[in-house]
Each structure stands twice: as C-alpha cells, then as structure tokens.
Amino acid sequence: MTTSSSRLGQGSLRRILALVRKESWQVVRDPSSIAVGIVMPMVLLVLFGYGLSFDLKNLPVALLMEESSAEARGAVSGFELSDYFQTHQVKTMAEAERLLMNKTVDGIVRIPMQFARDVQAGTAEIQVVVNGSDANTARIALGYAQGAVATWLAREAAAGQVLNTGASIDLQTRLWFNEANDSTYFLVPGLIVLVMTLIGALLTALVIAREWERGTFEALFVTPARPGEILLGKTVPYFVLGMLGLALSVVGSQVLFGVPLRGSLWILVLVSMLYLLVALGIGLLISSLTKNQFVASQITLIITFLPAMMLSGFMFDIRSMPLAIQVITHIFPARYFVSVLQTLFLAGDIWAVILPNAAVLAIMATVLMTASVFATRKKLG
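Counting from 1, residues in each chain are numbered in the order their sequence is written. Local features in this predicted model are restricted to residues whose pLDDT is 70 or higher, and side-chain atom pairs enter the listing and the counts only when it is 80 or higher, whereas totals over whole chains, interfaces and linings include all residues. Hydrogens and waters are ignored; side-chain quantities use all the structure's heavy atoms.

Student: Whenever I open this one, the overall build of the protein confuses me. Can you help?
Tutor: Helix and strand counts for the protein stand at 14 helices and five strands. Of the roughly 17,300 Å² that the protein leaves accessible, carbon and sulfur atoms contribute 64%. The helix count covers DSSP runs of H or I at least four residues long, the strand count covers runs of E at least two residues long, and both are numbered beginning at the N terminus. Areas reported as accessible are Shrake-Rupley estimates using a 1.4 Å probe. Residue values count occlusion only from the protein chains shown.

Student: How do you make sense of the pattern of salt bridges when you look at a structure like this?
Tutor: Between side chains of opposite charge, a pair can form when the charged atoms approach closely. Salt bridges are counted wherever a side-chain nitrogen of Lys or Arg sits within 4 Å of a carboxyl oxygen of Asp or Glu. Here the structure, examined in full by the defined rule, presents four salt bridges. As a salt-bridge pair, Asp 106 and Arg 319 come within 2.1 Å of each other at their nearest N and O atoms. With Asp 106 in the loop between α4 (93–101) and β3 (107–111) and Arg 319 in the loop between α11 (293–310) and α12 (323–328), this pair connects stretches of sequence that are 213 residues apart. Residue burial is assigned from relative accessible area. The probe radius is 1.4 Å, only protein chains are included, and a residue is buried under 20% of its type maximum, exposed over 50%, and partly exposed in between. For Arg 319, a relative accessible area of 26% translates into the label partly exposed. In this structure, the salt-bridge partner of Arg 319 is Asp 317, at a minimum N-O distance of 3.3 Å. When its relative accessible area of 16% is taken as the criterion, Asp 317 is described as buried.

Student: For this particular structure, what's the right way to read the environment of Gln 326?
Tutor: Residue position: Gln 326 is located in helix α12. Given a relative accessible area of 21%, Gln 326 falls into the partly exposed group. Considering only alpha carbons, one finds Gln 326 and Leu 311, 15 residues apart in sequence, at a separation of 8.3 Å. Not counting chain neighbours up to four residues away, the residues in contact with Gln 326 comprise Ile 318, Arg 319, Met 321 and Arg 335. Residue contacts follow a heavy-atom distance rule, with two residues in contact if any of their heavy atoms lie within 4.5 Å.

Student: Explain the packing of helix α10 (residues 265–290) against helix α13 (residues 333–346) to me, please; I cannot follow it from the model alone.
Tutor: Helices that pack against each other are described as a pair by the angle of their axes relative to one another and the distance between those axes. Where α10 contacts α13, the axes come no closer than 11 Å and their chain directions differ by 165°. Comparing their axes, α13 and α10 come out roughly antiparallel. The way α10 lies across α13 gives a crossing that is left-handed. Of the residues in α13, those in contact with Ile 267, Leu 268, Val 271, Ser 272, Tyr 275, Val 278 and Ile 282 of α10 are Pro 333, Ala 334, Phe 337, Val 340, Leu 341, Leu 344 and Phe 345. Helix axes use the C-alpha atoms of the stretch in contact, all axes being lines fitted to C-alpha atoms, and the angles between their N-to-C directions lie in the range 0 to 180 degrees. Under this scheme an angle from 65 to 115 degrees is roughly perpendicular, one under 35 degrees roughly parallel, and one over 145 degrees roughly antiparallel; angles in between are oblique. By convention the crossing between two helices is left-handed if the near helix lies anticlockwise of the far one by an angle smaller than a right angle, and right-handed if it lies clockwise.

Keep in mind these values describe shape, not function.
Structure representation (structure tokens):
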C-alpha cells in the first residue's frame with residue numbers, strides 16, 4: 001500500500017515537473033510574456049515614480065487636549081467643524097501614537113498645557129504630527145491644519161475675543177514615515193501591486209484563454225495528468241515570473257528612488273506570494289470560464305487592474321470616496337496588498353496592519369484556486 005502511494009506521488013510529481021518545463025519554455029519563447037514580466041515593471045516604475053502626483057476629505061486625526069480652557073476648545077473646534085478632518089478625542093500622547101501606528105488615524109493634533117496663557121502672550125504652539133507615508137495626503141493635511149487654526153483665529157478676532165491683537169499660533173509640524181515628504185515614497189510601493197496584477201491576473205488569463213481557443217489546453221486532459229496537476233504546471237512559471245517582477249520592482253525602488261524598506265524583506269516576500277496566488281487564481285478562473293482571449297482580457301482589466309489602480313488606496317484615498325464605493329473596495333484584493341506594502345516600506349513591521357490584511361489575502365487565494373480547479377473540471381465535463 002505504501003509502495004503504491006509512493007509511486008503515485010512520484011508519478012504526479014514527474015507529470016507536474018514536465019508540465020512546468022513545457023510551460024516555462026513557452027513563456028521564454030513568448031515575447032509578450034517577457035515584456036509583461038520584465039519590461040513592464042521597469043516601465044511602470046519609471047513612469048509612475050518620475051511622473052505622478054494628487055487631493056482628500058474626512059482625514060482621521062487624534063485630538064489631544066492637555067488643558068480644557070476656552071482657547072483650547074476654540075482651537076480644537078477649528079478641526080472638529082472642518083469637513084476635511086474626522087476627529088478622535090484621546091487622553092494621552094501614547095494613545096494617539098498607537099492609533100497613528102495602527103493607521104486608525106493619519107495625524108495627531110496636540111494642544112499643550114498653558115495654551116491659553118501662551119495665546120495671550122503671543123507664543124502659543126499647536127503640535128501637528130502627520131503620517132508621511134502618503135506624501136500627498138501629508139502635504140494637504142498640513143495645509144488643512146494651518147487653515148483650521150487660521151479660521152479659528154479669524155473667528156475669535158471677529159468676535160472681539162482675542163485680547164492680545166498680536167497673538168499668533170506657531171504650528172509645529174512633523175512627518176512620520178516620510179520625513180522628506182516625497183510622493184515617490186508613496187507611489188513606488190503601490191506600483192508593485194500593478195506589476196503583480198499584470199503578471200498574475202492579466203497575463204495568465206490571456207495565455208490560458210489562448211490555449212483554450214486553440215484547443216491545446218483540452219489536449220492536455222487526454223494525458224494521465226489530472227486537472228489539478230495541469231493547473232499547477234501552468235501556474236508555477238507565471239508565479240516565478242511574478243516574483244521576478246517583484247524583485248525588479250524592489251531593487252528599482254531602492255536604486256532609482258531610494259525608497260526605504262523599513263519592514264522585513266521576508267514578510268514582504270510572503271505577503272507578495274499570497275497576493276500573486278490571488279491574482280493567478282483570478283486569471284485562471286476567468287480564462288476557464290470564458291475560453292476567449294478578448295473577453296478574458298476585458299474582464300480581467302475591469303475586475304483587477306482598474307480596481308488595483310483606482311480603488312485600492314494606491315492613487316486615491318479610500319476615505320474620500322462615497323460610502324458605497326468604500327464598501328465595494330473591500331472585495332478587491334489590491335486594497336489589502338497596498339496597505340501592507342505601504343506599511344512595510346515606510347513604517348516597518350506593524351503587525352496590527354500586516355496580519356489582518358495577510359489573512360484576507362490567504363483566504364482569497366484559497367477560495368480562488370479551489371474555484372479555478374472546479375471551474376476547469378466543470379468545463380471539461
């Protein structure tokens with residue numbers, strides 16, 4: 001019994017390796033595969049890294065009031081009444097920093113002790129700490145913060161409540177995670193999502209759908225190989241190609257733009273593998289259901305590439321979108337991958353962000369790969 005099982009296992013492994021060799025040779029011979037897997041990552045990296053820049057509402061900030069004077073409440077009201085901020089009251093700076101690290105808020109507004117006295121003396125300060133991982137959001141947030149304070153001062157002056165006409169507020173600002181306030185730091189990690197999506201979903205869907213059209217895919221099923229083995233043999237070369245695209249993107253981000261990788265490289269690789277499996281699963285599922293290159297490419301673009309660019313938080317802040325769209329973004333895997341990438345590159349190994357997003361990607365990968373096998377079997381039946 002053991003010998004028979006061992007022979008079956010060895011036979012399955014030989015069939016899978018043979019399919020991997022065949023598909024790898026096909027990838028090498030196909031210029032489009034090389035273009036998407038190797039050339040496209042570098043093109044996207046250069047175009048987006050050098051040529052892009054962005055706007056927002058409802059920016060979540062933690063409000064810390066170390067005194068409750070009328071002046072302090074007035075200054076805070078400038079943020080609370082603003083359409084640009086969504087405020088969260090906190091009791092300590094440690095609590096505010098924890099919320100910022102976990103990405104619950106994107107900034108901290110701190111009203112220090114003796115604020116009222118300093119306002120009358122004309123030497124008051126308000127500390128604003130902003131998450132700089134998104135340089136565009138950080139710049140806009142600082143501008144909004146200055147506007148909120150200026151609005152409060154103008155309102156107080158108009159009401160005749162500023163005793164010292166020379167009173168001014170010195171806004172002490174600081175950026176976390178992106179001290180240089182460089183938008184490239186924010187854009188380049190997001191490009192990895194586009195690269196992995198192109199290779200994993202679009203390229204796989206096109207190639208497999210082409211084989212369905214030509215009948216070469218169905219011909220494989222007259223061989224001793226099982227459906228699961230065939231899909232695995234088809235998937236492995238594109239998985240390797242996707243990881244090569246990841247490597248090129250990471251190296252390019254370091255060499256061309258100096259984007260820091262503050263988190264673990266191994267965690268980045270593992271989470272990227274999960275997302276690549278999700279993308280491959282989508283590509284396999286679409287190609288198995290459509291069996292047509294044109295239809296497969298259009299569907300893949302609509303449900304993977306466009307959401308990865310527009311609904312993942314890569315280019316546009318999700319909190320600024322209508323509520324219905326915010327809910328819809330939860331079904332797109334790119335949203336979770338973007339969050340992890342930006343955290344790993346710019347903040348570090350923040351497990352409160354990494355683990356939930358990685359868990360969602362793992363569930364999606366399992367469901368999609370299983371669905372791909374069943375869809376292929378049903379098509380054959």
